[in-house]
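Fold and geometry: a report
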Amino acid sequence: MKDRMSRRSFLAASGAVAGTTLLNPLRGAKAEAVFPRVKMQEKIRVALTGTGSRGCGMWGSSLSNDYSAYVEFVGLCDKNQGRVETGKRLIGASCPTYTDFEKMMRQTKPDLLIVTTTDATHHEFIIRGMESGADVITEKPLTTDEKKVQAILDAEKKTGKNCRITFNYRYSPHRAKIWELLKAGEIGELTSADFHWYLDTSHGADYFRRWHRLVACSGSLWVHKASHHFDLLNWWIDSDPETVYALGDLNFYGKNGRYRAENCRSCRHTSECRFYFDIMKDSYYKQLYVDNERYDGYLRDGCVFRDDVDIFDKMAATIRYKNGVQVSYSLTAYSPYEGYRIALNGTKGRIDAWIQESHPVSDVNYDEIVVARNFSRREYIQVPFASSGHGGGDKLLKDQLFLPGTPDPFKQCAGTRDGAFACLVGIAARSSIASGKPVDIAGLTSLQPQAVKEYRRI
Ligand SMILES: NC(=O)c1ccc[n+]([C@@H]2O[C@H](COP(=O)([O-])OP(=O)(O)OC[C@H]3O[C@@H](n4cnc5c(N)ncnc54)[C@H](O)[C@@H]3O)[C@@H](O)[C@H]2O)c1
């Protein structure tokens, strides 16, 4: 009751404004930032490898439609010759297409390479891209094992080129607000965090239909998905992860199903299976995947109960940071709803935040953060819903990447060091499960965890 009263008074006094005032650093700077480049510089010549869903949507058509004053596509590549042609059409590009990456780099000599292939192949393109003279933007995760991490770090050092990681989760206003509250010392010195992420039986299940179900392709959800979450933790905690102890199991998908087929279109159980997915009803997916199956045999509507699923669907980890912060983390991939809960405990109080993505409460248009101070009242901060993808993060990220001169007040810009530490937590977790022992991140690559995270604007 006391909490409710203080909540109401806070809303009455400050409304949603409290959650928005410091949230969009780009708004003022954008207009001035944009025009100098148009006048003074050529467009950035961009090549993209991996014309799947993310390559075509987040990067392809979006850059073609919304950022065409600053960038132009000079080459598109995919190992699937049909998909690269479909991709070109969906993106609306007029550049040449390739199935031979080296040939694309030789012939087009791009300023910038965007890497949106399957996770386990990122390192090949990041390294060869930099060696060919391009800067690189890669989708997360940076890569899937520690040897590949080291190879990327070495190549960046050797070539002097930059590789930027697209941690779009950092850019959601709700998460930026948490960063801001921590930086402002609102809960004193941060000491521990509880972070629990839930993937539902729609989005979560989709990972088990696709290449993500194989550790060899995705590094498992520890890397493919949780690298987003570990990056958020690294960024909020502002320190490097030092030791990881983890548990994991496959309790729901894969071999746990009562029946299975190779994919939904060839299945006899469609009427009884709650996971039946009719890809033919989705014209975008049909064009991108079904129409190009004949080139590589990839089934986008794979059965979530296939025997070959070798990733975990429930995971838990205890992580210690170099600055002493301890984290309790979990990821569940078969939840009835999608979202997360985070609690950050400090010497003067605690921040609680949560998001329920798939079934949001209908009469609110904001996400909430509760700041509870020891021996004091709680404060409820509302951060309005953002309209673009991934909690508004996708657009803000692209603005920062392509609109010149945009500031970085929340230190959201991420390079290979950030990409490496984010995936090394998941890599260490896999290794901890295999050995039953805690794993030190310092032993995985040449990167040594620091008490205060290094920040470098790229
Ligand atoms: N940041 C985010 O929120 C977010 C969201 C979705 C996907 N992603 C990332 O984007 C990347 C692509 O994911 P997606 O969902 O588009 O997958 P997808 O399967 O739709 O696309 C991957 C594409 O890469 C191509 N490919 C694979 N290996 C290749 C190779 N050796 N050479 C050339 N092409 C190759 C495939 O043929 C396919 O067209 C992944 O790394 C994924 O983790 C990030």
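Residues numbered from 1 in each chain as written. Predicted model: local features only at pLDDT ≥ 70, side-chain atom pairs only at ≥ 80, totals over all residues. Heavy atoms only, no water.

1. Some remarks on the overall build of the chain
This is how it is decided: Numbering of helices and strands starts at the N terminus; helices are DSSP runs of H or I of at least 4 residues and strands are runs of E of at least 2. For the exposure calls, accessible area comes from a 1.4 Å probe over protein chains only, and a residue counts as buried if that area is under 20% of its type's maximum, exposed if over 50%, partly exposed in between. For this analysis, residues touch if any pair of their heavy atoms sits within 4.5 Å. Reported accessibility uses the Shrake-Rupley method at a 1.4 Å probe radius. Residues are deemed covered only where the shown protein chains occlude them.
From N to C terminus, the chain includes 17 helices and 15 strands. Out of the 458 residues belonging to the chain, those deemed buried represent 55%. The contacts in the chain between residues at least 6 apart in sequence include a share of 75% that link residues at least 24 apart. Total accessible area on the chain stands at roughly 19700 Å², and carbon and sulfur atoms take up 50% of it.

2. Some words on the site of the ligand
Which entries qualify depends on this criterion: Note on definitions. A residue lies near a molecule or strand when any single heavy atom of the residue is within 4 Å of it. Definition of a polar contact: a pair of N or O atoms within 3.5 Å, with one able to donate and the other able to accept a hydrogen when the atoms are protein atoms, and with sequence-neighbouring residues admitted only if both atoms are side-chain atoms. Charged means Asp, Glu, Lys or Arg here, nonpolar means Ala, Val, Leu, Ile, Met, Phe, Trp, Tyr, Cys or Pro, and polar covers whatever is left, Gly included.
Around the ligand lies a shell of 25 residues, among which Asp78, Arg83, Asp119, His122 and Tyr289 are the nearest. Between the ligand and the protein, one listed contact pairs an oxygen atom with a backbone N or O atom of Lys140 at 3.1 Å. Here an oxygen atom of the ligand sits 3.1 Å away from a polar atom, N or O, in the side chain of Asn168. Those elements giving two or more residues to the shell around the ligand turn out to be helix H4 (53-66) and helix H7 (122-131). Grouping the constituent residues of the shell around the ligand by class yields four nonpolar, 13 polar and eight charged.

3. A few points about the side chain of Asp78
Note the following rule: Under the counting rule used here, the positive set is Lys and Arg, the negative set is Asp and Glu, and His together with the chain ends is not counted. Every case where a carboxyl oxygen of Asp or Glu lies within 4 Å of a side-chain nitrogen of Lys or Arg is listed as a salt bridge.
Within the secondary structure, Asp78 sits in the loop between strand S2 (71-77) and helix H5 (81-91). Arg83 provides the closest opposite charge to the buried, unpaired Asp78, separated from it by 4.4 Å. Of note is the side chain of Asp78, whose polar atom sits 2.8 Å from the backbone nitrogen of Asn80. Not counting residues within four places of it along the chain, the set of residues in contact with Asp78 comprises Gly50, Thr51, Gly52, Arg83, Val84, Tyr98 and Thr99.

4. Some remarks on the confidence of the model for the chain
Parts of the model with low pLDDT should not have their predicted coordinates read in detail. To be explicit about the condition: Per-residue confidence from the predictor is given as pLDDT, running between 0 and 100.
This prediction gives the chain a mean pLDDT of 90; 89% of its residues lie at or above 70. The low-confidence segment residues 1-40, where pLDDT is below 50, has 56 contacts with residues more than four positions distant or belonging to other chains.

5. Details of the nonpolar core
Put simply, the test is: In this text, buried Ala, Val, Leu, Ile, Met, Phe, Trp, Tyr and Cys residues form a nonpolar core when linked through side-chain atoms within 4.5 Å. For the domain bounds, the source is a domain assignment made automatically or taken from a database.
Counting residues in hydrophobic clusters, the biggest one holds 93 residues, and the most contacted among them are Leu113 and Phe208. The biggest single contributor to this core is helix H17 (residues 416-435), with nine residues. When we break this core down by domain, the ones giving at least three residues each are domain 1 (26-168) and domain 2 (255-296). When near neighbours in sequence (up to four residues on either side) are disregarded, Phe208 contacts Arg213, Leu221, Leu250, Tyr253, Cys303, Val304, Val309, Ile311, Phe312, Asp313 and Ala333.

6. Describing the sheet that holds strand S14 (residues 378-384)
This is how the line gets drawn: At least two bridges found by DSSP between two strands is the condition for calling them paired.
One open sheet accounts for nine strands, arranged S14-S13-S12-S11-S7-S10-S9-S8-S15; its pairing is mixed. Two strands bound the open sheet, and with one partner strand each, they are S14 and strand S15 (439-440). Both strand S7 (residues 190-200) and strand S11 (residues 339-346) contribute to a ladder of eight bridges, which runs antiparallel. For Leu190, the partnering residue across the bridge sits in S11 and is Gly346.

7. A word on the packing of H4 against helix H16 (residues 393-402)
The criterion, for reference: To define axes, lines are fitted to C-alpha atoms, for helices over the stretch in contact only, and angles between the resulting N-to-C directions are given on a 0 to 180 degree scale. In what follows, roughly perpendicular refers to angles from 65 to 115 degrees, roughly parallel to angles under 35, roughly antiparallel to angles over 145, and oblique to any angle outside these ranges. Definitions for this section: a left-handed crossing has its near helix turned counterclockwise from the far helix by less than a right angle. A right-handed crossing has that turn clockwise.
Put simply, H4 and H16 touch, their axes get as near as 12 Å, and they point 55° apart. Classed by the angle they form, the pair H4 and H16 counts as oblique. The interaxial crossing formed by H4 with H16 has right-handed handedness. Of the residues in H16, those touching H4 at Arg54, Met58, Trp59, Ser62 and Leu63 are Asp394, Leu397, Lys398, Leu401 and Phe402.

8. Remarks on the packing of H4 against H5
In helix packing, the relevant descriptors are the interaxial angle and the interaxial distance, both defined with respect to the helix axes. One can describe the packing of H4 onto H5 by two numbers: an axis separation of 8 Å at closest approach and a directional angle of 40°. Taken together, the axes of H4 and H5 lie oblique to each other. With respect to the hand of their crossing, H4 and H5 are arranged in right-handed fashion. Within the contact between the two elements, H4 uses Gly55, Cys56, Gly60, Ser61 and Ser64 and H5 uses Gly87, Leu90 and Ile91. Within the contact of H4 with H5, the residues separate by chemical class into three nonpolar, five polar and no charged.

9. Considering the packing of aromatic side chains
To be explicit about the condition: When the centres of two rings from Phe, Tyr and Trp lie within 6.5 Å, Trp using its six-membered ring, the rings pair. Their planes under 30 degrees apart give stacked, over 60 give edge-to-face, and anything left gives tilted. Counting as a charge over the ring demands two things of the Lys NZ or Arg CZ atom: a distance within 6 Å of the ring centre and an angle within 35 degrees of the ring normal.
Per the stated rule, a full pass over the model turns up 24 aromatic pairs. Measuring from ring centre to ring centre gives 4.0 Å for Phe208 and Tyr253, while their planes differ by 20°; the resulting arrangement is stacked. Note that Phe208 is positioned in helix H10 (residues 203-209) and Tyr253 in the loop between strand S8 (241-249) and helix H14 (283-288), a separation of 45 residues in sequence. Tyr253 shares its class with Phe208; the two are buried. Here Tyr253 and Phe275 contribute two aromatic rings whose centre-to-centre distance is 5.9 Å and whose plane-to-plane angle is 75°, an arrangement assigned as edge-to-face. Separated by 22 residues along the polypeptide, Tyr253 in the loop between S8 and H14 and Phe275 in the loop between S8 and H14 bring together distant segments of the chain. A network of ring pairs unites the aromatic residues Tyr169, Trp179, Phe195, Trp197, Trp222, Phe230, Trp235, Trp236, Tyr329, Tyr340 and Phe410 as a single cluster. For Arg175, the ring lying beneath its charged end belongs to Tyr169, and the centroid distance is 4.8 Å. When the ring centre of Tyr289 is taken as reference, the NZ or CZ atom of Arg300 above it lies at 5.7 Å.

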